[in-house]
Amino acid sequence: MCRTCGAPLSNDEIGLYKKLVSRRAEDFLCIRCLAETFSCDEALLREKIKQFKESGCMLFV
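Note that the coordinates shown come from a computational prediction; the quantities given were computed from them, not determined experimentally.

1. A short note on the overall build of the chain
Okay, so step 1: Scanning the chain from terminus to terminus reveals 3 helices and 0 strands.
Okay, so step 2: Relative to the globule expectation of 10 Å for 61 residues, the C-alpha radius of gyration of the chain, 11 Å, shows essentially globular dimensions.
Okay, so step 3: For the chain, the spread of C-alpha atoms along the principal axes amounts to about 30 × 25 × 20 Å.
Okay, so step 4: Going through the 61 residues of the chain one by one, you find that 33% of them count as buried.
Okay, so step 5: Across the chain, the fraction of contacts at a sequence separation of at least 24, relative to all contacts at a separation of at least 6, is 45%.
Okay, so step 6: In the chain, the 10 positive side-chain charges and the 9 negative ones have mean positions that sit 6 Å from each other.

2. Here we look at the pattern of salt bridges
Okay, so step 1: In this structure the tally under the stated criterion is 3 salt bridges.
Okay, so step 2: Between Lys 53 and Asp 12 there is a salt bridge, with the nearest N and O atoms lying 2.9 Å from each other. You can see Lys 53 sitting in helix α3 (residues 42-54) and its partner Asp 12 sitting in helix α1 (residues 11-20), a full 41 residues away along the chain.
Okay, so step 3: Classification of Lys 53 as partly exposed rests on a relative accessible area of 40%.

3. Here's the deal with the packing of α1 against α3
Okay, so step 1: At a minimum axis separation of 10 Å, α1 and α3 run at an interaxial angle of 85°. Between α1 and α3, the interaxial angle falls into the category roughly perpendicular. In this structure, α1 contributes Asp 12, Leu 16, Lys 19 and Leu 20 to the contact, and α3 contributes Leu 45, Lys 48, Ile 49, Phe 52 and Lys 53.
Okay, so step 2: For the contact of α1 with α3, the class distribution of residues is 5 nonpolar, no polar and 4 charged.

4. Section: the environment of Cys 57
Okay, so step 1: With respect to the helices and strands, the residue Cys 57 is situated in the segment after α3.
Okay, so step 2: Cys 57 gets classed as buried once you look at its relative accessible area, which sits at 11%.
Okay, so step 3: For the pair Cys 57 and Lys 19, spaced 38 residues apart in sequence, the C-alpha separation works out to 9.1 Å.
Okay, so step 4: When neighbours within four sequence positions are excluded, Cys 57 is seen to be in contact with Lys 19 and Phe 52.

Basis of the calculations
- Residues numbered from 1 in each chain as written.
- Predicted model: local features only at pLDDT ≥ 70, side-chain atom pairs only at ≥ 80, totals over all residues.
- Heavy atoms only, no water.
- Helix = DSSP H or I, 4+ residues; strand = E, 2+ residues; numbered from the N terminus.
- Rg over C-alpha atoms; globule rule 2.2 N^0.38 Å.
- Buried < 20%, exposed > 50% of the residue type's maximum accessible area, 1.4 Å probe, protein only.
- Contact = heavy atoms within 4.5 Å.
- Lys, Arg positive; Asp, Glu negative; His and termini not counted.
- Charge placed at Lys NZ, Arg CZ, Asp CG, Glu CD.
- Salt bridge = Lys/Arg side-chain N within 4 Å of Asp/Glu carboxyl O.
- Axes fitted to C-alpha atoms, helices over the stretch in contact; angles between N-to-C directions.
- Parallel < 35°, antiparallel > 145°, perpendicular 65-115°, else oblique.
- Nonpolar A, V, L, I, M, F, W, Y, C, P; charged D, E, K, R; others polar.

Below is the structure:
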């Protein structure tokens, strides 16, 4: 669950948080709260997930 809003998290959201914030994280933010934190659009973060998957990042398997 998102530590800010309590929304359920997908594996992609957890992977993105670990990739961008900390691989050692034990609590995470949903894509909406992460976009707010980074002051960017959710669409940009979704595009980053796609790029990381295409590059073979193991956090998104």
